[in-house]
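These are the residues of each chain, in order.
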Amino acid sequence: MMQDDKYSIWLMPSGRTYSLIREKIELLSKTYNSPLTEPHITILGSIDCTKRDAIEKTKNLASQIRSFEVSLNGFGYANEFYESLFLNAKDDGHLKDAREKAMNAFGIKREGFSPHLSLFYGEGFSDVDKRKMIKMVGNLELSFLADKLHVYLTNNRLVTANKITTIPIGRE
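Residues numbered from 1 in each chain as written. Predicted model: local features only at pLDDT ≥ 70, side-chain atom pairs only at ≥ 80, totals over all residues. Heavy atoms only, no water.

Draft legend 1. Geometry of the sheet that holds strand S2 (residues 41–49). Strand order in the open sheet formed by four strands is S2-S1-S7-S8, with antiparallel pairing between adjacent strands. Two strands lie at the open edges of the sheet, namely S2 and strand S8 (162–168), each paired on one side alone. For this sheet the average axis-to-axis angle between neighbouring strands, irrespective of direction, equals 20°. Bridge analysis of strand S1 (residues 5–11) against S2 gives six bridges, and the strand direction is antiparallel. Considered in S2, the bridge of Ile9 is made with Leu44. Together, S1, S2, strand S7 (148–153) and S8 form the strand contacts of helix H2 (residues 51–64), whose direction differs from that of S8 by roughly 25°. Running over the sheet, helix H3 (residues 94–106) touches S1 and S2 and is turned about 5° from S2. (Pairing = 2+ DSSP bridges. Helix = DSSP H or I, 4+ residues; strand = E, 2+ residues; numbered from the N terminus. Axes fitted to C-alpha atoms, helices over the stretch in contact; angles between N-to-C directions. Contact = heavy atoms within 4.5 Å.)

Here it is as structure tokens:
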């Protein structure tokens, strides 16, 4: 039996917000020799399924939610590879709702959800290092319209994420 791939459902900024965040991610990646990632908020990750299911179930999910504004404010950091340095995403209920509906669409139940947009992936960096990174990045109080769901193939920890498709949220 063939093993399913792992997919992730992301919200991504666009336009000026995307460019500003991407520039900061590239700066940190180059300075600290860390993996480069796309600016995104993971709604649901590590989904074991086929490509067809990932697309179809995400289309279903997209039809159940409406576009909404996401505010990014304040830095956070942890001793987790994928949460080494991030911007907090303010959740006024829309992100949690999207997460719940995504778990229902894929038949997955997971505890805990701290919406964030990672700026830096890595391990072994001290809090002092991370405070230096925050100073390097500067103030990033931004927002963006979440109007699309992005499906990425995310099979490995080396952060090679391959975009599969983008699906508009809700109806016009």
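Draft legend 2. Molecular detail of the packing of H2 against H3. Viewed as axis vectors pointing N to C, H2 and H3 meet at an angle of 140°, and their least axial separation amounts to 9 Å. By the angle between their directions, the pair H2 and H3 is classed as oblique. Our pair here, H2 against H3, has a crossing hand that is right-handed. Between H2, through Asp53, Ala54, Lys57, Thr58, Leu61 and Gln64, and H3, the contact on the second element is made entirely by Ala98, Lys101, Ala102, Ala105 and Phe106. Considering only residue class, the contact of H2 with H3 consists of six nonpolar, two polar and three charged. (Parallel < 35°, antiparallel > 145°, perpendicular 65-115°, else oblique. Left-handed = near helix turned anticlockwise from the far one by under 90°. Nonpolar A, V, L, I, M, F, W, Y, C, P; charged D, E, K, R; others polar.)

Draft legend 3. Looking closely at the nonpolar core. If you look at the biggest cluster of nonpolar residues, it comprises 43 residues, and the most contacted ones within it are Leu11, Val70, Leu72 and Leu119. When residues of this core are assigned to their parent elements, the largest contribution, six residues, is made by H3. Setting aside anything within four residues of it in sequence, one finds Val70 in contact with Ile41, Ala89, Leu95, Leu142, Ser143, Phe144 and Ala146. (Core = buried A, V, L, I, M, F, W, Y, C linked by side-chain atoms within 4.5 Å. Buried < 20%, exposed > 50% of the residue type's maximum accessible area, 1.4 Å probe, protein only.)

Draft legend 4. Just the packing of helix H1 (residues 15–32) against helix H4 (residues 127–137), in detail. The interhelical angle for the contact between H1 and H4, taken along N-to-C directions, is 135°, at an axis separation of 10 Å. What the angle tells us is that H1 and H4 run oblique. Once H1 is placed against H4, the crossing between them reads as right-handed. In this structure, H1 uses Lys24, Leu27, Leu28, Thr31 and Tyr32 to contact H4, whose residues at the interface are Asp129, Lys132, Met133, Met136 and Val137. Of the residues belonging to the contact of H1 with H4, the class tally is six nonpolar, one polar and three charged.

Draft legend 5. View of unusual backbone geometry. For Asn33, which is not a glycine, the phi torsion comes out positive at approximately 50°. Looking at where Asn33 falls in the secondary structure, it is placed in the loop between H1 and S2. By relative accessible area, which is 74% here, Asn33 ends up exposed. Of note, Ser46 is a non-glycine position whose phi angle comes to about 50°, a positive value. Note that Ser46 resides in strand S2.

Draft legend 6. Focus on the environment of Leu140. As for its position among the elements, Leu140 is in the loop between H4 and strand S6 (142–146). The class of Leu140 is buried, set by a relative accessible area of 4%. Between the C-alpha atom of Leu140 and that of Leu20, which follows or precedes it by 120 residues, the distance is 8.5 Å. Apart from the residues within four sequence positions on either side, Leu140 is in contact with Lys24, Leu72, Leu87 and Leu119.

Shape is all these values report; function is a separate question.
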